[in-house]
Amino acid sequence: MNVKNLKHMFVRSSIVALDVGSSSIKMAHFESGEMLKIIRVASKEVHLGSRGVRLEAEVLRALRDLLSGINKKSVKFVASVNSDKTVLRNIFTPIMPPDELREAVRLESKNQFPFPIDDAFLDFKVMGEISHDGMRKLQVAVATTPKEDVIKLITLLSKSGIDLAAVVPAPYALQALAVSISDDEETCRSWVDIGEKFTELVITKGHQVMLSRKIPFAGEDFTKALMTTLATDQGTLHLTQEQAERIKREVGVPLHPEAQLIDGKISTVQISSMLTAPLEELANEIDRCLSYEREMTGGRQISLINISGQGALLKGLAPSLSDKLGLEVMVADPLRDLKMNPPPGAQIKNWAAYGVVVGLGLVGTQGLNLLPQEIKDKTKKFFKRVTLEIAITTTIIVLAFTFIGMKIQIKNYEKRIHAAKIELRSMMPSIELVSRKEVVDRILMNEPHWEDVFREFTHMVPNEIRITEMSLRGQVITIKGSVEAKADFEKVLSEFIARMEKGIFSKVKWISARESEDQASGVFEIACWVDG
């Protein structure tokens, strides 16, 4: 039995996604096998202090309740980060090796972000090759956020015993969600996630992200509008924050305002008047982003706007935005759009509020990750030891299957399999994290990527040379070939070696060379070493 097959037979990776907002925390527990499955989802409101700032004790209490029953050592935790300086951009670069791309992205980022990035964490991910300005280029997603935001999040969650595997910018999680629900390559859609303090807008064409922007109007602007002092015939009226939030949930943006009073205090006509300004501002900002995209793409039209986030639950918001924008606006249902079954027993009616955590589940630990490098590497030795233990355990199980065979009763097989499942499931996050860290180390240490090495090598071979054999041992490449007839054998071969030494090869050694009797062609063998 193949050890690799045994691992896939037993192990399912578990991910817990956390969206720690300003007034609530949302959690979703995913299990990934052949397809992503959501097995639990929950949220907790966080009471704010006298200055409108969430209290740490409240957050820790909410996290304890949300994570009750979850073995923190057997899952990977992924959390979103978002602030006014959390920015995501899609940039385009010439096709180049990964080590050169890292430096190119850092230089381009200084022009893309409206603030210095020296005090920020930055990460990027190649999304694919596309045609841009008539050339084949790389589309690269680049994200940055202040170091202070990430460190605060890590410190807060560590007090609940949570070791993060990834810190994902919220706009990137929404991009993953928006792209995943696209059903064709030509349809353009917009996804607008309205949070408490920020609104994120993403425009997609099929599975390609066309635009990502942060809008400075969100849910708290509607709350503040309802809390403004209003002069009435009975005197001044001032709603508390609690009353304003309740009106947002139960009344929202009135579609047919009336003079009838609610709770004997305020009419829907007055509510409509108070919410007009933030509604107009939000609609104008969305329209400005859509107009910019149309201008950049030659008039491409958006067919649908999905709205999500806690702010999307404002009653009447979708039809009001639709009326002002002249487009279909729909309250999103991420699970429905992804054709994903809700967890058993879930009593959640408004899945639109869970857009970010569902996006985090889709991204997992494979996307943009703004964790500090030192935290990614701090437990590398431990995970190597765990990997060895996994290998030994798996080998023992394979030997048991091979040599004991059918002499063991079926019940004993089931007990062994169950024990192996538990052991491997608890250790699998460690194995996957080691693999990811080793890839990062290779990039940072400039270890050669052989796919890039061979791609660049093909550009060095002149027309007069035909390569007949290549072999690789360690970091040494041995090359055999011939120089075609009518070419200057010695000159062609010398120029070829000089070109290799000026490129990615630190050393080229001439092993053998033999011309034909008429000195018009010949064969050669050389060895070269790659810079590392």
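Residues numbered from 1 in each chain as written. Predicted model: local features only at pLDDT ≥ 70, side-chain atom pairs only at ≥ 80, totals over all residues. Heavy atoms only, no water.

**A look at the overall build of the chain**
- Tallying secondary structure elements over the chain gives 16 helices and 21 strands in all.
- Considering the chain as a whole, with its 532 residues, one finds that 45% of them fall into the buried category.
- Considering only contacts in the chain between residues 6 or more positions apart, those separated by 24 or more positions represent 64%.
- For the chain, the exposed area adds up to about 28,200 Å²; of that, 50% sits on carbon and sulfur atoms. (Helix = DSSP H or I, 4+ residues; strand = E, 2+ residues; numbered from the N terminus. Buried < 20%, exposed > 50% of the residue type's maximum accessible area, 1.4 Å probe, protein only. Contact = heavy atoms within 4.5 Å. Areas by Shrake-Rupley, 256 points an atom, 1.4 Å probe, with all protein chains shown as cover.)

**Structural notes on helix α8 (residues 268–296)**
- For α8, with 29 residues, the first-to-last C-alpha span of 41 Å sits near the 42 Å given by 1.5 Å per residue.
- At threonine 276, α8 is bent by approximately 40 degrees, the largest bend along its length, and proline proline 278 sits one to four residues beyond.
- Phi turns positive, to about 75 degrees, at glycine 298, one or two residues after α8. (Expected span 1.5 Å × (residues − 1). Bend = angle between axes of the 7 residues up to and from the residue.)

**Re the sheet that holds strand β3 (residues 36–45)**
- Strand order in the open sheet formed by five strands is β3-β2-β1-β4-β8, and the pairing between neighbours is mixed. A strand with exactly one partner marks an edge of an open sheet, and here the two such strands are β3 and β8 (164–169). Adjacent strand axes in the sheet meet at a mean angle of 20 degrees, parallel and antiparallel pairs treated alike.
- With four bridges joining them, strand β1 (residues 13–20) and strand β4 (residues 76–81) adopt parallel strand pairing. If you follow isoleucine 15 over to β4, its bridge partner there is lysine 76.
- Against the sheet, helix α5 (residues 170–180) touches β4 and β8, its axis set at about 80 degrees to β8.
- The sheet strands contacting helix α11 (residues 355–363) are β1, β2 (24–32), β3, β4 and β8, and the helix crosses β1 at an angle near 145 degrees. (Pairing = 2+ DSSP bridges. Axes fitted to C-alpha atoms, helices over the stretch in contact; angles between N-to-C directions.)

**Examining the nonpolar core**
- Ranked by size, the top nonpolar core spans 38 residues in total, and within it Leu201, Leu226, Ile286, Ile305, Ile307, Leu317 and Leu321 carry the most contacts.
- Looking at this core, the element that brings in the most residues is α8, giving nine residues.
- Apart from the residues lying within four places of it in its own chain, the contact partners of leucine 201 are Ser190, Trp191, Val192, Leu211, Ser212, Arg213, Ile215, Ile286 and Cys289.
- Ranked by size, the runner-up nonpolar core spans 36 residues in total, among them Ala143, Leu177, Val179 and Val363. (Core = buried A, V, L, I, M, F, W, Y, C linked by side-chain atoms within 4.5 Å.)

**Here's the deal with unusual backbone geometry**
- Even without a glycine there, the phi angle at lysine 339 is positive, about 55 degrees.
- Within the secondary structure, lysine 339 is located in the loop between α10 (334–337) and α11.
- The exposure class assigned to lysine 339 is exposed, which follows from its relative accessible area of 71%.

**Description of the pattern of salt bridges**
- Within this structure, the stated rule accounts for twelve salt bridges.
- The partner of glutamate 58 in a salt bridge is arginine 61, and the shortest N-O contact between them spans 3.2 Å. With glutamate 58 and arginine 61 both in helix α2 (residues 56–66) and three residues apart, the pair spans about one turn of that helix.
- Taking relative accessible area as the criterion, arginine 61 reaches 37% and is therefore assigned partly exposed. (Salt bridge = Lys/Arg side-chain N within 4 Å of Asp/Glu carboxyl O.)

**Focus: the confidence of the model for the chain**
- Taken residue by residue, the chain gives an average pLDDT of 81. The fraction at 70 or more is 81%.
- The secondary-structure element of the chain with the lowest mean pLDDT is helix α1 (residues 3–10), recorded at 40, while helix α9 (residues 317–325) shows the highest, at 95.
- pLDDT under 50 marks residues 1–11. Its contacts with residues more than four places away, or in other chains, come to 19 contacts.
- Confidence over residues 439–447 falls short of pLDDT 50; this stretch has 15 contacts with residues more than four positions distant or in other chains. (pLDDT = per-residue confidence, 0-100.)

**Some details on helix α7 (residues 241–250)**
- Along α7, the positions that sit buried rather than exposed are Ala244, Glu245, Ile247 and Lys248. Here the buried residues of α7 occupy an arc of 160 degrees about the axis, which is enough to place them on one side. Along α7, the residues that are exposed and aim more than 90 degrees away from the buried face are Glu242 and Arg249.
- At its buried positions, α7 is contacted by α6 (219–226), β15 (266–267) and α8. (Arc of directions from axis to C-beta.)

**Let's talk about the packing of α8 against α9**
- Following both chains from N to C, one finds α8 and α9 inclined at 55 degrees, their axes separated by 10 Å at the closest point. With respect to their mutual orientation, α8 and α9 come out oblique. For the pair α8 and α9, the sense of crossing is right-handed. Residues Leu279, Glu280, Leu282, Ala283, Ile286 and Asp287 of α8 form the contact with α9, whose own contacting residues are Leu317, Ser320, Leu321, Lys324 and Leu325.
- Of the residues contributing to the contact of α8 with α9, the split by class is seven nonpolar, one polar and three charged. (Parallel < 35°, antiparallel > 145°, perpendicular 65-115°, else oblique. Left-handed = near helix turned anticlockwise from the far one by under 90°. Nonpolar A, V, L, I, M, F, W, Y, C, P; charged D, E, K, R; others polar.)

**Observations regarding the pairing of strand β9 (residues 188–194)**
- Among the seven residues of β9, six are classified as buried, and the element is accordingly described as predominantly covered.
- Bridge count for β9 against strand β10 (residues 199–205) is seven bridges, and the pairing is antiparallel. The residue bridging valine 192 from the neighbouring strand is leucine 201, located in β10.
- From the end of β9 to the start of β10, which pair antiparallel, there are four residues.
- Pairing of β9 with strand β16 (residues 304–308), which is carried by five bridges, proceeds in the parallel orientation. The residue bridging aspartate 193 from the neighbouring strand is serine 308, located in β16.

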